[in-house]
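Residues per chain are reported as follows:
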Amino acid sequence: MISDKRIAIQFLLVVLVCVFVSGDAKVRCIESEREALLSFKNGVFDYYGYLSSLRSIECCKWYGVWCSNTTGHVIALQLNIRLQGEVGSSLLELHHLYYLDLSWNYFGGNPIPDFIGSMKQLQQLFLKGCNLSGIVPSQLKNLTNLQSLDLSQNNFEGPVPGFFGSMKQLQQLFLRGSKFTGIVPPQLGNLTNLRVLDLSYNSLKIKNLDWLSSLSLLSTLDLSQIDLSHTNWLPQILSLRFLYELRLDLCNISTIKVEPTVNSSFTSLSLLKLSDNQLTPSSFPWLSNISTTLVGIDLSRNALGGPIPDAFIERLVLVETLGLASNKFEGQIPKSLFNLSRLITLDLYENDLRGNTDELFGNTSGKGILESLQILDLGHNKLNGPVPDLRAFSALTEVYFGGNNLTGFIPLSIGQLSELRVLDLSKNLLEGIVSESHLIKLNKLKKLDLSFNSLILHFGPDWSPAFQLDAIFLAKCNVGPSFPKWIQTQRSFSNLDLSRANITDEIPAWLWSVSPSLTNLYLSDNQITGIIPNLSSTFITSIDLGNNRLSGPIPLFSAYVELVQLSGNMFSGSISSICSVFYGWFWNFDLSNNQLAGEIPDCWEQLPNLFSLSLANNRLWGEIPSSLGHLHDLTALQLRGNSLSGEFPSTLRSCHKLNLVDVAENELTGDIPTWFGEMNQMTFLNLGTNKLHGSIPDEICNYTFIRILDLSRNNLSGKIPDCFNNFTSMAQNSTPADLVRLGYVNSFSYNPPLPNMNLKRYYGYSLFTWKDREESEYRKNLIFLKLIDLSSNRLSGNIPKSFSSMRGLISLNLSSNSFTGSIIPDMVRWKC
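Residues numbered from 1 in each chain as written. Predicted model: local features only at pLDDT ≥ 70, side-chain atom pairs only at ≥ 80, totals over all residues. Heavy atoms only, no water.

(A) The overall build of the chain, seen in detail. For the chain, the count of helices and strands is 9 helices and 58 strands. Here the chain holds 832 residues, and 55% of them are scored as buried. Of the accessible surface of the chain, which amounts to about 33,900 Å², a share of 50% is contributed by carbon and sulfur atoms. (Helix = DSSP H or I, 4+ residues; strand = E, 2+ residues; numbered from the N terminus. Buried < 20%, exposed > 50% of the residue type's maximum accessible area, 1.4 Å probe, protein only. Areas by Shrake-Rupley, 256 points an atom, 1.4 Å probe, with all protein chains shown as cover.)

The structure is reproduced here in structure tokens:
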């Protein structure tokens with residue numbers, strides 16, 4: 001950020017003024033200040049050992065300490081080194097300290113110490129990301145000389161203190177993401193020297209922006225995630241003549257509030273961010289009015305639609321960064337974009353833009369157009385044609401064409417882009433062979449994504465590419481039959497996806513140690529064999545090896561693991577190894593469709609954040625463990641197809657978030673517990689093919705979201721509760737959007753962040769009999785099924801009249817019971 005650069009420059013000036021004491025300089029640090037620093041050190045835990053230098057006599061040579069070159073007094077302290085502990089009051093002895101930066105340490109949720117308010121000489125105070133909490137102490141108002149204050153990314157309580165308005169010397173105030181609540185105090189308008197104000201990403205509200213007019217020197221303003229829909233924000237903000245950087249993301253801004261014409265010819269605005277709002281195409285006139293000075297503009301994730309207007313593009317004469325991603329733009333990409341001679345980043349990701357790549361890029365070669373372009377993102381549109389020859393854009397570092405309709409072969413010219421760091425051609429219709437020649441000069445490449453094309457990767461067995469990748473995505477490419485040996489030359493990748501890559505090889509032993517940075521590994525849907533070693537010393541957090549031919553015991557995982565998908569293999573033995581480690585981050589665990597045996601271990605308190613658990617279709621026996629009740633976030637529980645016995649443990653009633661339970665095809669006994677009705681988010685419930693008895697409890701009437709209810713092939717008796725009119729999901733013919741989004745989808749993001757990299761994995765499945773056919777497995781499309789199966793029980797009485805309300809039902813099976821009476825007339829007209 002621009003503001004961060006200013007802080008760095010300011011700190012550099014401090015250092016230059018101080019002149020760091022070294023060598024044989026005569027000036028030595030003051031003994032009392034040395035003792036104060038040692039006392040501070042003794043109050044913290046220095047995990048990385050940065051403070052080991054504090055053993056020497058000369059404290060002015062210590063890490064993070066700067067002294068005056070004339071007096072020897074400590075005047076600056078910068079320790080951003082992940083210390084743990086408390087801020088010691090010994091810092092009060094540093095009477096000449098005017099720069100204090102303790103950002104990115106961990107102070108255990110303690111409040112800001114009151115004594116800092118007594119350090120009246122301070123001019124710069126930075127406590128960003130320190131896990132501070134509580135209320136900001138009023139003693140800080142005594143820091144009347146303070147020019148910069150950064151309390152960002154903490155966990156404070158209550159409102160932004162009004163007394164900040166009395167700190168008249170403040171030039172920079174950063175409160176980003178610190179959980180402040182309430183109304184923004186208008187007293188901030190008293191800070192007439194303020195240049196930078198960041199109130200973003202809190203839970204704040206603004207009554208009006210009248211106080212902004214007093215901040216005439218303001219150059220940077222960030223009010224992101226503050227609702228401005230009821231304010232007349234545009235004229236008030238643009239009246240700030242020196243405003244250079246404006247960030248208003250997630251501010252609920254719509255076109256209605258910005259209709260009045262605003263004379264902004266005097267503005268010096270250079271960076272404008274308005275992403276995640278509700279702007280519509282009628283916003284372009286006023287956007288054009290302020291665009292001639294803009295160097296960067298981000299309008300991503302709005303409601304902008306229609307063609308991208310040439311009139312708007314033509315006024316962006318200085319623009320270097322243009323973000324229009326995730327809108328509703330359609331039609332051709334305007335050729336006027338190629339006249340933006342300073343453009344560095346062009347992001348048109350996820351729109352409805354069409355056109356042929358030959359027509360779009362074919363006439364640019366040799367004209368020097370967009371020579372400065374470094375990042376080009378046209379992903380997830382509807383472009384057709386071949387992968388274009390991009391050699392005219394010699395400065396390109398990131399290219400995204402994923403999710404279009406590109407056809408043909410990948411041209412060899414792509415390998416000439418020597419500055420390229422990211423190449424994403426995923427999810428197109430590309431075919432042909434990719435060889436070493438395609439990547440010949442890509443020495444700086446960090447991310448390669450060719451996934452979900454019909455490509456054949458043909459590299460020599462001894463090929464050692466010049467690049468070192470961070471992310472390798474080759475899913476559904478023909479990589480096999482052998483495991484690609486060239487990956488062994490890559491020493492720093494964190495993401496590897498070779499799913500559905502036609503590999504029929506043994507998993508190589510070197511894979512687990514070749515890259516210490518490996519965190520996400522996806523090798524599903526191949527024919528890979530072998531045994532998985534102990535992974536507890538690795539940094540793998542997400543691993544998907546599903547649907548292969550792997551065998552042996554379930555390995556130990558890293559304590560930081562988040563997702564494990566090992567279904568559809570031949571793993572055997574017990575799963576009790578999970579009891580040996582506390583997994584604080586583990587949220588998705590799928591061992592279904594293996595050969596695991598024994599009892600389910602009773603230690604699930606070791607995985608307290610588990611969201612989805614599937615042990616289906618193994619050889620497990622015994623009772624459902626009571627410790628599953630510790631999983632208060634559990635949403636999906638799948639234990640079907642085992643030999644489990646006994647009754648449901650009462651502790652499960654604590655799992656209120658359960659919306660998918662599938663324990664079919666076991667030997668469970670007892671009644672269906674009445675407390676099942678307390679799980680009012682239940683959407684899919686399959687208890688079929690067990691030995692349950694008793695009646696169907698009335699409490700199932702609480703299942704307003706239920707879409708699948710299978711109680712078939714048990715020993716249930718009595719009448720069916722007449723409350724099916726409560727099943728509102730069954731009455732609808734559509735699937736709610738939030739349920740479609742759920743779908744047991746897990747998304748992973750590339751780290752370090754690169755735009756728009758997204759993987760999806762679907763979890764959650766079940767087996768159901770539909771229309772008297774053989775059982776069918778529903779996986780990705782489970783959310784679209786609506787089914788009730790009560791067949792093969794001993795139910796009696798009349799069919800409830802409330803059945804007539806379920807017009808969205810796809811399958812209803814009441815056969816092999818003892819019902820009496822007549823069929824409800826409305827049911828005859830159903831389309832089941």
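There is more to say, and it comes next.
(B) Empty space enclosed by the protein, seen in detail. Scanning all chains against the criterion turns up 6 cavities of 30 Å³ or more. One number sums up the size of the largest cavity: a volume of about 60 Å³. Ile-333, Leu-337, Phe-338, Leu-346, Leu-348, Leu-360, Phe-361, Leu-370, Leu-373, Leu-376 and Leu-378 together form the lining of the largest cavity. In the lining of the largest cavity, the residues fall into 11 nonpolar, no polar and no charged. (1 Å grid on protein atoms, 1.4 Å probe; cavity = no way out; pocket = protein on both sides within 12 Å on 5 of 7 lines; lining within 4 Å. Points joined across faces, edges and corners; volume = space filled by probe spheres on them. Nonpolar A, V, L, I, M, F, W, Y, C, P; charged D, E, K, R; others polar.)

(C) Structural detail: the pairing of strand β3 (residues 74-78). Across the 5 residues that make up β3, a large majority, 5, are buried. The pairing of strand β2 (residues 65-67) with β3 spans 3 bridges and is antiparallel. The residue of β3 that forms the bridge with Trp-66 is Ala-76. Taking the residues between adjacent antiparallel strands as the criterion, β2 and β3 are bridged by 6 residues, where Gly-72 takes a positive phi near 80°. (Pairing = 2+ DSSP bridges.)

(D) Here's a closer look at a negative patch on the surface. A cluster of acidic side chains, namely Glu-599, Glu-623, Glu-647 and Asp-671, defines a negative patch on the protein surface. Here Glu-623 is to be found in strand β42 (residues 619-623). On the basis of relative accessibility, which here comes to 53%, the residue Glu-623 falls in the exposed class. (Patch = residues over 30% accessible without salt bridge, like charges linked within 9 Å, V, L, I, M, F, W, Y side chains within 5 Å. Salt bridge = Lys/Arg side-chain N within 4 Å of Asp/Glu carboxyl O. Lys, Arg positive; Asp, Glu negative; His and termini not counted. Charge placed at Lys NZ, Arg CZ, Asp CG, Glu CD.)

(E) Expanded view of the environment of Pro-159. Within the fold, Pro-159 resides in the loop between β9 (155-156) and β10 (172-174). Discounting residues that sit within four places of it in the chain, Pro-159 has contacts with Phe-180 and Thr-181. (Contact = heavy atoms within 4.5 Å.)

(F) Structural context of unusual backbone geometry. The residue after Gly-480, namely Pro-481, is reached through a cis peptide bond having omega 10°. With respect to the helices and strands, Pro-481 occurs in the loop between β31 (471-473) and β32 (495-497). With a phi close to 60°, Ser-816 is a non-glycine residue in the positive phi region. Of note, Ser-816 is situated in the loop between β57 (811-813) and β58 (818-820).

(G) Spotlight on the state of the cysteines. Here the structure, examined in full by the defined rule, presents 4 disulfides. By sequence order of its bonded cysteines, the chain has the disulfide arrangement 1-2, 3-4, 5-6, 7-8. (Disulfide = S-S within 2.5 Å.)

(H) A look at the sheet that holds strand β40 (residues 595-599). Taken in spatial order, the 11 strands of this open sheet run β34-β36-β38-β40-β42-β44-β46-β48-β50-β56-β58, and their pairing is parallel. Edge positions in the open sheet fall to β34 (529-531) and β58, since each of these has one partner strand only. Recorded for the sheet is a direction-independent mean angle of 15° between the axes of neighbouring strands. Bridge count between β42 and strand β44 (residues 643-646): 3 bridges; the pairing is parallel. Counted as the bridge partner of Glu-623 is Ser-645 from β44. (Axes fitted to C-alpha atoms, helices over the stretch in contact; angles between N-to-C directions.)

(I) Structural context of helix α2 (residues 31-42). In a regular helix each residue adds 1.5 Å, so 12 residues correspond to 16 Å; α2 covers 17 Å between its end C-alpha atoms and thus fits that length. All buried positions along α2 are accounted for by Glu-33, Arg-34, Ala-36, Leu-37, Leu-38 and Phe-40. Those residues of α2 that are buried are in contact with β1 (44-45), β2 and β3. (Expected span 1.5 Å × (residues − 1).)

(J) Region of the structure containing the packing of aromatic side chains. This structure, assessed with the given rule, holds 27 aromatic pairs. Among the aromatic residues, those joined into a cluster by ring pairs are Phe-45, Tyr-47, Tyr-48, Tyr-50 and Tyr-63. (Phe/Tyr/Trp six-rings, centres within 6.5 Å; stacked < 30°, edge-to-face > 60°.)

(K) Focus on the sheet that holds strand β28 (residues 429-434). What the 7 strands build is an open sheet, ordered β18-β20-β22-β24-β26-β28-β30; its pairing is parallel. A single partner strand is all that each edge strand has here, and the edge strands are β18 (305-306) and β30 (454-457). Looking at chain direction, β18 and strand β20 (residues 328-332) are connected through 2 bridges and run parallel. In the sheet register, Gly-306 faces β20, and the bridge partner there is Phe-329.

(L) Molecular detail of a nonpolar patch on the surface. A surface patch of nonpolar side chains, about 590 Å² in accessible area, is lined by Phe-45, Tyr-47, Tyr-48, Tyr-50 and Tyr-63. Residue position: Tyr-47 is located in the loop between β1 and β2.

(M) Molecular detail of the confidence of the model for the chain. Averaged over every residue, the pLDDT of the chain is 87; residues scoring 70 or more account for 87%. Across residues 11-25, confidence stays below pLDDT 50; counting only partners more than four residues off in sequence or on other chains, it has 29 contacts. Note on residues 257-261: pLDDT under 50 across the span, and 9 contacts to partners over four residues away in sequence or across chains. (pLDDT = per-residue confidence, 0-100.)

(N) Looking closely at the pattern of salt bridges. In total, this model carries 16 salt bridges according to the counting rule given. Residue Asp-298 pairs with Lys-273 through a salt bridge whose shortest N-O separation is 3.4 Å. Here Lys-273 lies in strand β16 (residues 271-273) and Asp-298 lies in strand β17 (residues 296-298), a separation of 25 residues in the sequence. Lys-273 sits in the buried class, given a relative accessible area of 16%. Glu-398 is the salt-bridge partner of Arg-421, the closest N and O atoms lying 3.9 Å from each other.

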